[in-house]
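Residue-level structural notes
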Amino acid sequence: MLQYEIVIVGGGYGDNYVAHDVPHGSLKREWYHSPTLGFDRRVTVYTPAGYEQSKKKYPVLYLLHGSGGDEEAWMTLGRTSQILDNLIAQGKAKPMLVVMTNGNAWQTAAVGEAAGGMVQPSMRGNANVRPAASFEQSFGDVIKFVESNYRVIKKKEARAVAGLSMGGGHTISASNLYPNTFDYICPLSMGAKRTEELDAQLQGIKKAGYKLYWLACGNTDFLFENANELDAALTANGLEHTYFVSEGGHVWANWRLYLNTFAPLLFK
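Just so we're clear, the structure is a prediction, and the values are computed from it rather than from any experiment.

1. Some thoughts on the pattern of salt bridges
- Scanning the model with the defined rule gives eight salt bridges in all.
- Linking Glu147 and Arg159 is a salt bridge whose minimum nitrogen-to-oxygen distance equals 2.8 Å. With a gap of 12 residues between them, Glu147 in helix H3 (residues 139-149) and Arg159 in strand S5 (residues 159-164) connect regions that are remote in the sequence. For the residue pair Glu147 and Arg159, the accessibility class agrees, reading buried in each case.
- One salt bridge connects Asp183 with Lys156, and the closest N-O pair in it is separated by 2.4 Å. Of this pair, Asp183 sits in the loop between helix H4 (166-177) and strand S6 (184-188) while Lys156 is found in the loop between H3 and S5, placing the two residues 27 residues apart along the sequence. Judged on exposure class, the residue Asp183 and its partner Lys156 are both buried.

2. Quick word on H3
- All of the buried residues along H3 are Phe139, Asp141, Val142, Ile143, Phe145, Val146 and Glu147.
- Buried-residue contacts for H3 involve strand S1 (26-34), strand S2 (39-47), strand S3 (60-64), strand S4 (97-100), S5 and H4.

3. Some points on the pairing of strand S8 (residues 242-246)
- Pairing geometry for strand S7 (residues 212-218) and S8, over five bridges, is parallel. Note on S8: the bridge partner recorded for Ala216 is Phe244.
- On the question of chirality, the crossover connecting S7 to the parallel S8 by way of helix H6 (residues 224-236) is right-handed.

4. Side note on the sheet that holds S6
- If you trace the eight strands from one edge of the open sheet to the other, you get S1-S2-S4-S3-S5-S6-S7-S8, paired in mixed fashion. What marks the edges here is a single partner per strand, and that holds for S1 and S8. Sheet twist, expressed as the mean angle between neighbouring strand axes with direction ignored, is 20°.
- Taken together, the four bridges between S3 and S4 define a ladder with parallel strand orientation. Looking across to S4, one finds that Leu61 is bridged to Val98.
- Where H6 meets the sheet, its contacts fall on S6, S7 and S8, and the angle it forms with S7 comes to roughly 155°.

5. Observations regarding the packing of aromatic side chains
- The final tally for this structure, using the stated rule, is 15 aromatic pairs.
- Between Tyr184 and Phe267 the ring centres are 5.2 Å apart and the planes differ by 65°, which places this aromatic pair in the edge-to-face class. On the criterion of sequence distance, the pair formed by Tyr184 in strand S6 and Phe267 in the segment after helix H7 (252-262) is long-range, its members being 83 residues apart. Grouping residues by exposure puts Tyr184 and Phe267 together as buried.
- Ring plane angle 80° and centroid distance 5.9 Å describe the contact between Phe244 and Tyr258, whose orientation is recorded as edge-to-face. Residue Phe244 is found in strand S8, and its partner Tyr258 is found in helix H7; the two are separated by 14 residues along the sequence.
- Here a set of aromatic residues connected by ring pairs shows up, and it is made of Tyr62, Phe135, Phe139 and Phe182.
- The ring of Tyr58 has Lys56 sitting right over it, with the charged end atom 5.0 Å from the ring centre.
- Sitting over the face of the ring of Tyr51, Arg151 holds its NZ or CZ atom 4.2 Å from the ring centroid.

6. Some details on H6
- Helix length check: H6 (13 residues) gives 18 Å between terminal C-alpha atoms against 18 Å at 1.5 Å per residue, within 8%.
- Taken together, the buried residues of H6 touch H4, S6, helix H5 (196-208), S7 and S8.
- Two residues or fewer past H6, Gly238 is found with a positive phi of approximately 75°.

7. Looking at the nonpolar core
- In this structure, Tyr62, Leu97, Val99, Phe139, Val146, Tyr150 and Phe182 are the most contacted members of the largest nonpolar core, which totals 42 residues.
- Contributions of two or more residues to this core are made by S2, S3, S4, H3, H4, H5, S7 and H6.
- Tyr46, Ile83, Met100 and Trp214 belong to the second largest nonpolar core, which has 33 residues in total.

8. Examining the environment of Tyr150
- Locating Tyr150 in the fold gives a position in the loop between H3 and S5.
- Residues Tyr150 and Lys57 lie 93 residues apart in sequence; the distance between their C-alpha atoms is 8.4 Å.
- Ignoring anything within four residues of it in the chain, the contact list for Tyr150 reads Lys28, Glu30, Val45, Thr47, Tyr51, Leu97 and Phe145.

About the thresholds
Residues numbered from 1 in each chain as written. Predicted model: local features only at pLDDT ≥ 70, side-chain atom pairs only at ≥ 80, totals over all residues. Heavy atoms only, no water. Salt bridge = Lys/Arg side-chain N within 4 Å of Asp/Glu carboxyl O. Helix = DSSP H or I, 4+ residues; strand = E, 2+ residues; numbered from the N terminus. Buried < 20%, exposed > 50% of the residue type's maximum accessible area, 1.4 Å probe, protein only. Contact = heavy atoms within 4.5 Å. Pairing = 2+ DSSP bridges. Right-handed = clockwise from strand over helix to strand, strands pointing away. Axes fitted to C-alpha atoms, helices over the stretch in contact; angles between N-to-C directions. Phe/Tyr/Trp six-rings, centres within 6.5 Å; stacked < 30°, edge-to-face > 60°. Lys NZ or Arg CZ within 6 Å of the ring centre and 35° of its normal. Expected span 1.5 Å × (residues − 1). Core = buried A, V, L, I, M, F, W, Y, C linked by side-chain atoms within 4.5 Å.

None of the figures reported here should be taken as evidence of function without further support.
This is the structure we're talking about:
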(Lines give C-alpha, C1' and ligand atoms only; values in the text may rest on other atoms or scores of the structure.)
Protein backbone atom coordinates (compact mmCIF):
# COMPACT_ATOMS: atom_id res chain seq x y z
CA MET A 1 0.00 0.00 0.00
CA LEU A 2 1.41 3.39 -0.96
CA GLN A 3 1.74 6.00 1.80
CA TYR A 4 -0.11 9.11 0.62
CA GLU A 5 1.48 11.74 2.82
CA ILE A 6 2.75 15.13 1.75
CA VAL A 7 5.03 17.00 4.14
CA ILE A 8 7.41 19.48 2.53
CA VAL A 9 10.47 20.63 4.44
CA GLY A 10 12.16 23.77 3.18
CA GLY A 11 15.78 23.81 2.12
CA GLY A 12 17.61 21.61 -0.36
CA TYR A 13 15.43 19.63 -2.74
CA GLY A 14 12.33 20.66 -0.80
CA ASP A 15 12.57 24.17 -2.21
CA ASN A 16 11.69 22.77 -5.63
CA TYR A 17 8.49 21.20 -4.35
CA VAL A 18 6.73 24.53 -3.78
CA ALA A 19 5.64 27.24 -6.20
CA HIS A 20 8.03 30.14 -6.74
CA ASP A 21 7.83 33.31 -8.78
CA VAL A 22 8.96 31.60 -12.00
CA PRO A 23 7.25 30.97 -15.35
CA HIS A 24 4.64 28.27 -14.86
CA GLY A 25 3.68 25.44 -17.15
CA SER A 26 0.10 24.38 -17.87
CA LEU A 27 -1.91 21.27 -17.05
CA LYS A 28 -4.53 19.65 -19.22
CA ARG A 29 -6.72 16.62 -18.61
CA GLU A 30 -7.37 14.89 -21.92
CA TRP A 31 -9.48 11.97 -23.08
CA TYR A 32 -8.05 9.66 -25.71
CA HIS A 33 -9.29 6.46 -27.31
CA SER A 34 -7.36 3.27 -26.63
CA PRO A 35 -8.17 0.76 -29.37
CA THR A 36 -5.94 -1.77 -27.62
CA LEU A 37 -8.06 -1.66 -24.45
CA GLY A 38 -11.30 -0.91 -26.25
CA PHE A 39 -12.46 2.28 -24.51
CA ASP A 40 -11.71 5.96 -23.89
CA ARG A 41 -9.27 6.87 -21.13
CA ARG A 42 -7.99 10.01 -19.44
CA VAL A 43 -4.44 11.33 -19.25
CA THR A 44 -2.89 14.37 -17.54
CA VAL A 45 -0.42 16.43 -19.57
CA TYR A 46 2.01 19.06 -18.29
CA THR A 47 3.31 21.50 -20.90
CA PRO A 48 6.23 23.78 -19.97
CA ALA A 49 6.00 27.55 -19.75
CA GLY A 50 5.99 29.07 -23.21
CA TYR A 51 4.61 26.01 -24.97
CA GLU A 52 1.45 27.80 -26.16
CA GLN A 53 3.41 30.73 -27.58
CA SER A 54 6.13 28.65 -29.17
CA LYS A 55 6.30 26.71 -32.43
CA LYS A 56 9.13 24.48 -31.32
CA LYS A 57 8.79 20.75 -30.63
CA TYR A 58 9.52 19.25 -27.22
CA PRO A 59 10.69 15.93 -25.74
CA VAL A 60 8.30 13.91 -23.58
CA LEU A 61 8.57 12.20 -20.19
CA TYR A 62 5.92 9.52 -19.64
CA LEU A 63 5.53 9.43 -15.84
CA LEU A 64 3.69 6.48 -14.29
CA HIS A 65 2.02 6.10 -10.89
CA GLY A 66 1.94 3.23 -8.41
CA SER A 67 -0.71 0.90 -7.09
CA GLY A 68 -3.67 2.79 -5.64
CA GLY A 69 -2.90 5.82 -7.80
CA ASP A 70 -4.17 7.21 -11.09
CA GLU A 71 -3.41 9.97 -13.59
CA GLU A 72 -3.69 12.58 -10.79
CA ALA A 73 -1.19 11.05 -8.33
CA TRP A 74 2.03 12.55 -9.66
CA MET A 75 0.43 15.99 -9.82
CA THR A 76 -1.13 16.09 -6.38
CA LEU A 77 1.40 14.09 -4.35
CA GLY A 78 4.46 14.08 -6.56
CA ARG A 79 4.46 17.89 -7.08
CA THR A 80 5.36 17.39 -10.74
CA SER A 81 4.37 20.87 -11.92
CA GLN A 82 6.29 22.61 -9.16
CA ILE A 83 9.40 20.48 -9.64
CA LEU A 84 9.47 20.89 -13.43
CA ASP A 85 8.66 24.62 -13.29
CA ASN A 86 11.51 25.22 -10.88
CA LEU A 87 14.09 22.98 -12.56
CA ILE A 88 13.37 24.48 -15.98
CA ALA A 89 13.50 28.04 -14.62
CA GLN A 90 16.85 27.25 -12.98
CA GLY A 91 18.20 25.95 -16.29
CA LYS A 92 18.75 22.52 -14.75
CA ALA A 93 16.18 20.63 -16.84
CA LYS A 94 15.24 20.85 -20.48
CA PRO A 95 11.71 22.13 -21.19
CA MET A 96 9.64 18.99 -21.71
CA LEU A 97 6.10 17.65 -21.71
CA VAL A 98 5.20 15.28 -18.89
CA VAL A 99 2.45 12.80 -19.68
CA MET A 100 0.88 11.15 -16.62
CA THR A 101 -1.17 8.13 -17.56
CA ASN A 102 -3.67 5.95 -15.74
CA GLY A 103 -1.87 2.63 -15.30
CA ASN A 104 -4.97 0.69 -14.21
CA ALA A 105 -5.90 -0.95 -17.50
CA TRP A 106 -9.49 -1.59 -16.38
CA GLN A 107 -10.07 2.03 -15.29
CA THR A 108 -10.99 4.90 -17.62
CA ALA A 109 -10.02 7.73 -15.26
CA ALA A 110 -9.37 8.77 -11.67
CA VAL A 111 -12.02 8.12 -9.05
CA GLY A 112 -14.96 10.47 -9.52
CA GLU A 113 -13.84 11.55 -13.00
CA ALA A 114 -15.66 8.88 -15.01
CA ALA A 115 -18.74 6.68 -14.99
CA GLY A 116 -18.77 3.78 -12.57
CA GLY A 117 -18.96 5.53 -9.22
CA MET A 118 -16.26 6.01 -6.63
CA VAL A 119 -14.47 2.71 -7.20
CA GLN A 120 -10.96 2.83 -5.80
CA PRO A 121 -8.15 1.66 -8.11
CA SER A 122 -6.54 -1.67 -7.33
CA MET A 123 -3.85 -3.87 -8.83
CA ARG A 124 -6.44 -6.63 -8.87
CA GLY A 125 -8.69 -4.56 -11.10
CA ASN A 126 -12.43 -4.37 -11.35
CA ALA A 127 -14.38 -7.60 -11.57
CA ASN A 128 -16.92 -5.89 -13.83
CA VAL A 129 -14.35 -4.70 -16.38
CA ARG A 130 -12.08 -7.04 -18.33
CA PRO A 131 -9.57 -5.03 -20.39
CA ALA A 132 -8.53 -6.57 -23.68
CA ALA A 133 -4.82 -6.09 -22.92
CA SER A 134 -2.36 -4.95 -20.28
CA PHE A 135 -1.41 -1.33 -19.69
CA GLU A 136 2.04 -1.97 -21.18
CA GLN A 137 0.51 -3.45 -24.32
CA SER A 138 -1.65 -0.33 -24.70
CA PHE A 139 1.22 2.12 -24.20
CA GLY A 140 1.46 2.78 -27.92
CA ASP A 141 -2.06 4.24 -27.85
CA VAL A 142 -0.93 6.95 -25.42
CA ILE A 143 2.16 7.76 -27.46
CA LYS A 144 0.14 7.95 -30.66
CA PHE A 145 -2.36 10.32 -29.03
CA VAL A 146 0.36 12.59 -27.64
CA GLU A 147 2.32 12.68 -30.88
CA SER A 148 -0.83 13.44 -32.87
CA ASN A 149 -2.07 16.24 -30.63
CA TYR A 150 0.99 17.96 -29.16
CA ARG A 151 4.11 19.52 -30.65
CA VAL A 152 6.60 16.87 -29.63
CA ILE A 153 9.70 15.30 -31.13
CA LYS A 154 8.66 11.92 -32.52
CA LYS A 155 11.96 10.19 -31.95
CA LYS A 156 13.34 7.64 -29.47
CA GLU A 157 15.93 10.17 -28.30
CA ALA A 158 13.11 12.49 -27.19
CA ARG A 159 11.11 9.94 -25.17
CA ALA A 160 11.62 9.00 -21.52
CA VAL A 161 9.63 6.62 -19.34
CA ALA A 162 9.70 6.57 -15.53
CA GLY A 163 7.42 5.21 -12.86
CA LEU A 164 7.18 4.37 -9.17
CA SER A 165 6.32 0.99 -7.64
CA MET A 166 3.68 -0.56 -9.95
CA GLY A 167 4.60 2.17 -12.43
CA GLY A 168 8.22 1.10 -12.07
CA GLY A 169 7.11 -2.37 -13.11
CA HIS A 170 5.29 -0.84 -16.07
CA THR A 171 8.47 1.11 -16.91
CA ILE A 172 10.55 -2.06 -16.92
CA SER A 173 7.98 -4.01 -18.93
CA ALA A 174 7.31 -1.25 -21.49
CA SER A 175 11.00 -0.63 -22.13
CA ASN A 176 11.61 -4.37 -22.42
CA LEU A 177 8.67 -4.84 -24.81
CA TYR A 178 9.53 -1.80 -26.94
CA PRO A 179 13.34 -1.39 -26.89
CA ASN A 180 13.25 1.00 -29.85
CA THR A 181 10.85 3.45 -28.18
CA PHE A 182 12.62 5.07 -25.19
CA ASP A 183 16.16 6.39 -24.80
CA TYR A 184 15.65 7.22 -21.10
CA ILE A 185 14.41 4.52 -18.71
CA CYS A 186 13.89 5.23 -14.99
CA PRO A 187 12.22 2.56 -12.80
CA LEU A 188 11.69 3.79 -9.24
CA SER A 189 11.15 1.63 -6.14
CA MET A 190 10.84 -1.49 -8.24
CA GLY A 191 13.03 -4.25 -9.59
CA ALA A 192 12.94 -7.60 -11.34
CA LYS A 193 14.25 -11.08 -10.72
CA ARG A 194 16.92 -12.19 -13.13
CA THR A 195 15.64 -14.78 -15.58
CA GLU A 196 16.62 -15.90 -19.06
CA GLU A 197 13.69 -13.89 -20.39
CA LEU A 198 14.84 -10.74 -18.58
CA ASP A 199 18.40 -11.26 -19.84
CA ALA A 200 17.13 -11.51 -23.41
CA GLN A 201 15.01 -8.37 -22.99
CA LEU A 202 17.89 -6.39 -21.51
CA GLN A 203 20.08 -7.50 -24.39
CA GLY A 204 17.37 -6.13 -26.67
CA ILE A 205 17.61 -2.73 -24.97
CA LYS A 206 21.40 -2.86 -25.19
CA LYS A 207 21.27 -3.69 -28.90
CA ALA A 208 18.73 -0.94 -29.63
CA GLY A 209 20.84 1.58 -27.73
CA TYR A 210 19.78 3.99 -25.00
CA LYS A 211 21.11 7.10 -23.27
CA LEU A 212 20.14 6.62 -19.63
CA TYR A 213 19.02 3.74 -17.43
CA TRP A 214 18.41 5.22 -13.99
CA LEU A 215 17.23 2.90 -11.20
CA ALA A 216 16.35 4.19 -7.72
CA CYS A 217 15.11 2.75 -4.44
CA GLY A 218 15.08 3.49 -0.72
CA ASN A 219 17.28 1.35 1.51
CA THR A 220 14.35 0.39 3.76
CA ASP A 221 11.85 -0.05 0.91
CA PHE A 222 10.15 -3.45 0.95
CA LEU A 223 11.15 -3.76 -2.73
CA PHE A 224 14.81 -2.92 -2.11
CA GLU A 225 15.99 -6.49 -2.76
CA ASN A 226 14.05 -6.54 -6.03
CA ALA A 227 15.82 -3.34 -7.06
CA ASN A 228 19.15 -4.91 -6.08
CA GLU A 229 18.36 -7.88 -8.32
CA LEU A 230 17.60 -5.62 -11.28
CA ASP A 231 20.82 -3.71 -10.62
CA ALA A 232 22.73 -7.01 -10.69
CA ALA A 233 20.95 -8.12 -13.88
CA LEU A 234 21.79 -4.84 -15.61
CA THR A 235 25.43 -5.22 -14.59
CA ALA A 236 25.59 -8.87 -15.67
CA ASN A 237 24.17 -7.95 -19.07
CA GLY A 238 26.62 -5.13 -19.58
CA LEU A 239 24.10 -2.26 -19.48
CA GLU A 240 25.65 0.93 -18.17
CA HIS A 241 23.30 2.41 -15.59
CA THR A 242 22.96 4.45 -12.42
CA TYR A 243 21.64 2.92 -9.21
CA PHE A 244 20.52 5.70 -6.87
CA VAL A 245 19.95 4.42 -3.31
CA SER A 246 18.27 6.83 -0.91
CA GLU A 247 17.36 6.68 2.74
CA GLY A 248 13.81 5.62 3.66
CA GLY A 249 11.15 3.45 2.18
CA HIS A 250 8.18 3.26 -0.17
CA VAL A 251 7.06 6.87 0.23
CA TRP A 252 6.35 10.01 -1.78
CA ALA A 253 9.23 11.81 -0.10
CA ASN A 254 11.53 9.51 -2.06
CA TRP A 255 9.61 9.71 -5.35
CA ARG A 256 9.66 13.51 -5.33
CA LEU A 257 13.40 13.30 -4.63
CA TYR A 258 13.89 10.91 -7.55
CA LEU A 259 11.99 13.10 -10.02
CA ASN A 260 13.98 16.11 -8.86
CA THR A 261 17.20 14.12 -9.38
CA PHE A 262 16.69 12.37 -12.72
CA ALA A 263 14.72 15.07 -14.58
CA PRO A 264 17.88 17.20 -15.09
CA LEU A 265 19.54 14.18 -16.74
CA LEU A 266 16.92 13.79 -19.47
CA PHE A 267 17.29 14.82 -23.09
CA LYS A 268 20.87 16.02 -22.73
